[in-house]
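If you want the building blocks of each chain, they are given just below.
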Amino acid sequence: MKRVFLLLLFAIVLVGGAVAESGDDAAGLIVYKHPLCFCCKKWMAHLKEKDFTATSVFKVNMQEVKRKWGIPRGMEGCHTAVWRDQYVFEGHVPAMYIQNFLASPPEGSVGLIVSGMPVGSPGMENGEKFEPYNIYLLLQNGDYRLYARIEKPKKA
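Thresholds, definitions, all that
Residues numbered from 1 in each chain as written. Predicted model: local features only at pLDDT ≥ 70, side-chain atom pairs only at ≥ 80, totals over all residues. Heavy atoms only, no water. Buried < 20%, exposed > 50% of the residue type's maximum accessible area, 1.4 Å probe, protein only. Helix = DSSP H or I, 4+ residues; strand = E, 2+ residues; numbered from the N terminus. Arc of directions from axis to C-beta. Contact = heavy atoms within 4.5 Å. Salt bridge = Lys/Arg side-chain N within 4 Å of Asp/Glu carboxyl O. Core = buried A, V, L, I, M, F, W, Y, C linked by side-chain atoms within 4.5 Å.

1. Let's talk about helix α4 (residues 95–103)
And step 1. Every buried residue of α4 is accounted for by Ala95, Tyr97, Ile98 and Phe101. The arc that holds the buried residues of α4, viewed along the axis, is 160°, so those residues lie on one side.
And step 2. Where α4 is buried, its residues contact α2 (39–49), β5 (87–90), β6 (109–113), β7 (133–139) and β8 (144–150).

See below:
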C-alpha cells in the first residue's frame with residue numbers, strides 16, 4: 001500500500017497535475033493543496049464540522065492556482081479553496097467567516113485570506129498555543145483590506 005501511494009505521489013509530481021482526493025464539489029468548496037500537506041486535511045475537517053462539503057485537489061504548482069485567483073504575493077496561505085468558481089478562500093480561514101462572507105459578500109470582493117499558517121487557526125491547532133492573526137478581504141482589483149482580527153481561539 002505504501003509503495004502504491006509513493007508511486008501515485010511520484011506520478012503527480014512528475015506530471016505536475018491535479019488529482020481529486022475525495023468529496024463532491026457541486027455544493028461545496030474545491031480545496032487546492034500540495035500532496036504533502038496534512039494541515040489542509042485538518043482544515044477541511046473543520047469545514048465539515050460546520051456543514052461545508054469540500055473536495056481536495058492535489059496540485060504541485062500551487063503558485064499557478066494562487067495567481068489565477070489573484071492572491072497577492074506575500075499574502076499566500078497553505079491552501080486555496082474555491083467556492084463554485086466564484087469566490088476564493090486562501091489559507092486557514094475559519095468556517096464561520098466563510099459562512100458570513102457567503103451570506104453577504106461585500107461589494108467588489110473576491111474572497112478572504114489568512115496568510116501564512118498561524119498557530120491556533122483552524123487546522124493549525126497545537127494544544128494551548130495560539131498566535132493572533134488577521135483575516136483579509138480580497139478585492140476584485142487585487143487589493144485587500146482587514147476583514148477581521150482573531151485575538152483568541154474560537155471554540156465555535
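Let us keep going from here.
2. A short note on the pattern of salt bridges
And step 1. Under the counting rule described, the total for this entry stands at four salt bridges.
And step 2. We note a salt bridge from Glu64 to Lys59, for which the minimum N-O separation is 3.0 Å.
And step 3. Among the residues examined, Glu64 registers a relative accessible area of 45% and is labelled partly exposed.
And step 4. A residue is classified by how much of its surface remains accessible, and Lys59, at 12% relative accessible area, is buried.
And step 5. Taking the shortest distance from any N to any O, the salt bridge between Arg67 and Glu76 comes out at 3.2 Å.

3. Observations regarding unusual backbone geometry
And step 1. Non-glycine residue Asp51 carries a positive phi angle of around 70°.
And step 2. When you line up the elements, Asp51 lands in the loop between α2 and β3 (54–59).
And step 3. Phi at Asp85 is positive, roughly 55°, even though this residue is not glycine.
And step 4. Tracing the backbone shows Asp85 in the loop between β4 (80–83) and β5.
And step 5. On the accessibility criterion, Asp85 (59% relative accessible area) is exposed.

4. Some details on the nonpolar core
And step 1. Residues Leu29, Leu47, Phe89, Leu112 and Ile135 are the most contacted members of the largest nonpolar core, which totals 24 residues.
And step 2. Counting residues per element, the ones that place at least two in this core are β2 (29–33), α2, β4, β5, α4, β7 and β8.
And step 3. Filtering out sequence-adjacent residues up to four positions away, Ile135 remains in contact with Pro94, Tyr97, Leu112, Ile113, Val114, Arg145, Leu146, Tyr147, Ala148 and Ile150.
And step 4. Within the second largest apolar cluster, 14 residues are counted, among which are Val57, Val65, Val88 and Val110.

5. So, α2
And step 1. Among all positions in α2, only Cys39, Cys40, Trp43, Met44, His46 and Leu47 are buried. Burial along α2 is one-sided: seen end-on, the buried residues are contained in an arc of 150°. More than 90 degrees from the buried face of α2, the exposed residues found are Lys42, Lys48 and Glu49.
And step 2. Taken together, the buried residues of α2 touch β2, β3, β4 and α4.
And step 3. Positive backbone phi, at 70°, marks Asp51, one or two positions downstream of α2.

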